[in-house]
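Structure at a glance
Each chain is listed here by its residues.
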Amino acid sequence: MQVLKFGGSSVANAENINKVVEIINNKKADIKTVVVVSALGGITDLLLKTAALAEANDESYKNILKEIEDKHLDAVKALIPVQQQSGVLSLVKTICNEAEDICNGIFLLRELSARTKDRIVSYGELLSSQIIAAKLNAVGLATEWKDAREIIVTDSNYGMAAVDFAATNKKAAVFFDTSASSLFIIPGFIAADKNNVTTTLGRGGSDYTAAILAAALNASVLEIWTDVSGMMTADPRLVNNIKHIPQISYQEAMELSHFGAKVIYPPTIQPVMKKEIPVWIKNTFAPDELGTVIKNEATATGTSIQGISSINNIVLLSLEGSGMVGIPGFSKRLFEALANASINVILITQGSSEHSICVGVDEHASAKAKEVVDKAFAYEIETNKVDPIIVEKELSIVAIVGDNMKNHSGISGKMFSALGRNGVSIRAIAQGSSERNISAVISTADVKKAINVLHEEFFETTYKQVNLFIAGLGNVGQKFLDQLMQQKQFLLEKLRIQIRVVGIANSKKMYFNEEGVDIVNWQSEIQKGEAMNLAEFVSTIQNKNLRNSVFADITANDELATIYGYLLQKSISVVACNKVAASSPYVYYKKLKDLANEFNSQFLFETNVGAGLPIIGTLKDLLHSGDKINRLQAVLSGTLNFVFNNYDGTKSFASVVKQAQDEGYTEPDPRLDLSGKDVMRKIMILARESGEQMEMEDISNNSFMPESCMTGSVADFYAAMEKEEAHFKKILDAAKAAGKKLKFVASYDKGKAAVGLQQVDEQSDFYHLYGKDNVVLFYTDRYPEQPLVVKGAGAGAAVTASGVFADIIRAAAN
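Residues numbered from 1 in each chain as written. Predicted model: local features only at pLDDT ≥ 70, side-chain atom pairs only at ≥ 80, totals over all residues. Heavy atoms only, no water.

The subject of this paragraph is the nonpolar core. Formed by 96 residues in total, the largest nonpolar core has its most connected members in Phe 6, Val 34, Phe 176, Leu 222 and Ile 294. Not counting chain neighbours up to four residues away, the residues in contact with Val 34 comprise Met 1, Gln 2, Val 3, Leu 4, Phe 176, Phe 184, Ile 186, Leu 213 and Leu 217. If you look at the next biggest cluster of nonpolar residues, it comprises 85 residues, including Ile 541, Phe 603, Leu 613 and Leu 619. (Core = buried A, V, L, I, M, F, W, Y, C linked by side-chain atoms within 4.5 Å. Buried < 20%, exposed > 50% of the residue type's maximum accessible area, 1.4 Å probe, protein only. Contact = heavy atoms within 4.5 Å.)

Below, the structure written as structure tokens:
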């Protein structure tokens with residue numbers, strides 16, 4: 001004996017039913033076969049809607065009844081040969097008329113009882129099963145239709161009736177043993193109580209019907225045919241890179257189905273587990289694919305967990321109070337109050353202090369739950385021994401499931417660490433003594449991210465996906481995208497990191513795509529976007545709530561630097577090419593550093609000091625290893641170094657500055673470089689990273705620029721420099737006369753910082769600094785005389801882009 005069950009998607013329409021018939025034909029062979037079917041796709045919901053409208057005295061229920069009837073009549077006409085249709089069409093009409101008569105009664109009485117609702121929804125399976133039986137007979141497969149209500153006996157708990165297995169097994173044995181047929185069609189979901197009144201087994205109960213019959217008949221196998229090829233490691237609607245589970249244990253399947261895995265109805269497992277009947281989950285639309293088998297033991301998968309699942313619409317009820325400590329009976333009274341109100345408890349957790357206990361229930365039951373619990377503890381609440389029940393809404397449960405968890409230490413730590421790194425706050429935790437399931441209550445808004453994070457942590461051995469948002473697509477931004485495209489395969493193969501750009505923005509437009517922006521054609525992609533709005537840009541990044549998110553600011557925009565905190569507190573790492581935030585007032589700089597630490601995110605700004613040079617990284621390595629920064633000397637402006645290396649008096653100072661700007665070495669406004677302000681910001685950032693609480697006004701600046709050059713527009717700036725050429729020439733000639741070179745030097749020594757133009761001789765480490773190179777000399781406890789030197793190109797789009805790239809990789813590795 002074998003039992004096959006086909007769900008609503010499998011019998012949604014005539015085309016799908018033809019696939020079902022073909023599968024039954026291939027499966028039947030010489031073995032007795034019981035086929036259980038659900039209602040046609042969407043019919044149960046339509047029947048419920050019809051009943052609700054009738055109860056509300058809304059005559060439009062008749063329109064929906066007509067829609068239901070037409071759908072079944074059309075199915076008959078598409079499936080049954082014309083000469084055999086009349087009897088089936090008449091049957092459909094009769095059943096639909098009966099449903100209409102009941103709805104008319106509901107309409108007149110304006111009353112819909114649970115018993116009547118069960119009767120109404122039963123018509124879905126009654127109609128589908130008889131149409132499919134007729135189709136099988138029409139194609140030459142002799143089929144006997146049997147009403148499940150004549151076999152499955154339940155109590156009278158309408159809507160979720162409990163099965164009387166002894167009576168059911170007896171009736172099943174009598175019927176199937178005496179029938180000469182080898183193929184049976186039975187409607188799922190429905191049953192009857194001892195008075196032969198129609199009951200139902202709960203939504204999804206057709207699976208349960210099949211399992212009840214399989215157990216009653218000691219079937220060799222139960223096959224559940226649906227629209228997916230077995231059970232997966234996570235919900236494919238939430239996770240792209242899911243993995244197929246070829247074999248899973250009964251216990252694991254029960255845990256996963258309880259915690260939201262939609263492939264199988266939770267009660268289904270119990271009857272077949274007792275008889276050790278294997279259950280196959282197969283795909284009606286891909287019947288040759290393997291599927292998943294549920295047996296006593298799971299196959300080894302190389303991981304300690306089998307799957308990840310979730311339940312939404314959870315409410316957490318917390319009972320707290322000092323009067324609970326050491327007093328027995330509080331838990332009993334809490335659960336008794338909920339049980340008497342028929343409220344199912346999904347999750348339980350209690351601290352060892354006994355000061356509080358919390359339970360998770362379905363959101364629909366929250367108001368009733370609060371009412372009954374507050375009533376049960378009315379005296380204790382009145383005497384302030386306990387607080388009124390606290391209700392927290394908009395929560396969900398995520399659970400990892402696996403029989404092997406008990407054999408592996410550190411699973412819960414790995415789970416909570418992964419969630420914490422991505423800013424997923426955990427409200428409650430539960431784990432059974434079997435160690436087969438670890439559950440966490442989190443905000444519903446975090447469910448998709450949480451499941452992706454956990455799936456990546458436990459199943460993704462190939463790569464870690466980083467979701468990157470970029471603001472700024474100028475010279476540096478474009479170079480970065482080119483470098484990312486070039487290194488994409490390397491990162492995947494060598495570092496196991498996949499950086500996916502999911503958002504881009506410039507001063508005019510912003511564009512988001514969770515599946516990934518085409519960075520080769522980003523210019524055309526961004527044109528699909530909306531007008532740039534900073535508040536909406538930040539809000540979209542936050543609301544997308546993607547795992548492993550990184551924001552890269554490749555601009556010099558003051559306003560953009562104000563949003564970093566909003567991102568960091570959502571555990572979104574920030575990589576700033578923009579110097580504004582790190583050189584802002586110390587209190588804001590410190591706030592951003594603290595937020596990054598508090599919310600397990602990264603605030604990285606290596607390019608703020610030396611473009612792609614590892615200056616801040618080297619400083620941090622020294623400090624982390626226990627060294628102390630005593631003194632810094634540096635040339636930190638690639639622009640100024642380029643200018644003074646190329647200014648020899650043969651052409652004007654202004655023309656050399658213009659050359660530097662044209663070659664991409666200067667800030668958008670070159671005055672930031674030439675005034676020394678940019679160097680001041682850089683030495684201040686290094687001082688702060690060394691542990692100094694320094695502000696811009698604490699730094700002395702020996703500027704060489706005349707005041708006349710520092711006002712007006714950029715065009716005015718160049719014109720003024722031409723007029724001041726004699727001033728610049730005088731500075732150059734003085735240095736030449738002394739046999740020295742001009743370098744704009746920054747220094748930090750014992751808490752003091754200064755910047756300014758200096759003449760340096762051949763003995764200086766700065767003398768042989770050419771082109772746009774920067775250099776930093778670290779004098780520390782370990783390097784007191786001979787400094788540690790970091791030297792190289794300190795300006796240019798390509799090297800700056802590489803510094804941004806390196807920070808993004810650091811953030812990704814966190």
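Turning our attention to the sheet that holds strand S17 (residues 437–443). Here six strands make up an open sheet; going across it, the order is S13-S14-S12-S15-S17-S16 and the pairing antiparallel. Looking at the sheet topology across the chains shown, the edges are occupied by strand S13 (345–350) and strand S16 (426–431). Taken over all neighbouring pairs, the strand axes of this sheet differ in orientation by 30 degrees on average, direction set aside. In this sheet, strand S14 (residues 356–362) lies alongside S13 in antiparallel orientation, the contact comprising five bridges. From the neighbouring strand, Val 345 faces S14, where its bridge partner is Val 361. Packed onto the sheet, helix H10 (residues 330–340) meets strand S12 (307–320), S13 and S14 and runs at close to 15 degrees relative to S14. Sheet strands in contact with helix H13 (residues 411–421) are strand S15 (390–401), S16 and S17, and its direction is about 15 degrees off that of S17. (Pairing = 2+ DSSP bridges. Helix = DSSP H or I, 4+ residues; strand = E, 2+ residues; numbered from the N terminus. Axes fitted to C-alpha atoms, helices over the stretch in contact; angles between N-to-C directions.)

What follows is about the sheet that holds strand S26 (residues 699–702). The sheet built from six strands is open, its strands ordered S26-S28-S27-S25-S29-S30 with mixed pairing. The sheet is open, and its two edges are formed by S26 and strand S30 (788–793), each paired on a single side. Sheet twist, expressed as the mean angle between neighbouring strand axes with direction ignored, is 15 degrees. Sheet topology note: the strand S27 (residues 741–749)/strand S28 (residues 752–760) ladder contains nine bridges and is antiparallel. Looking at the pairing, Ser 747 lines up with Ala 754 of S28.

For the rest of this paragraph, the subject is helix H7 (residues 205–216). Its twelve residues place the ends of H7 16 Å apart at the C-alpha level, agreeing with the 16 Å of an ideal helix rising 1.5 Å per residue. Across the twelve residues of H7, twelve count as buried, placing the element largely inside the fold. Downstream of H7 by one or two residues, Asn 218 has phi in the positive range, about 50 degrees. (Expected span 1.5 Å × (residues − 1).)

What follows covers the packing of helix H2 (residues 43–55) against helix H4 (residues 85–109). Where H2 meets H4, the closest approach of the two axes is 7 Å, and the angle between their N-to-C directions is 30 degrees. Here Thr 50, Ala 51, Ala 54 and Glu 55 of H2 lie close against H4, whose contacting residues are Cys 103, Ile 106 and Phe 107. For the contact of H2 with H4, the per-class residue count stands at five nonpolar, one polar and one charged. (Nonpolar A, V, L, I, M, F, W, Y, C, P; charged D, E, K, R; others polar.)

Scope: geometric values only; no functional claims are made or implied.
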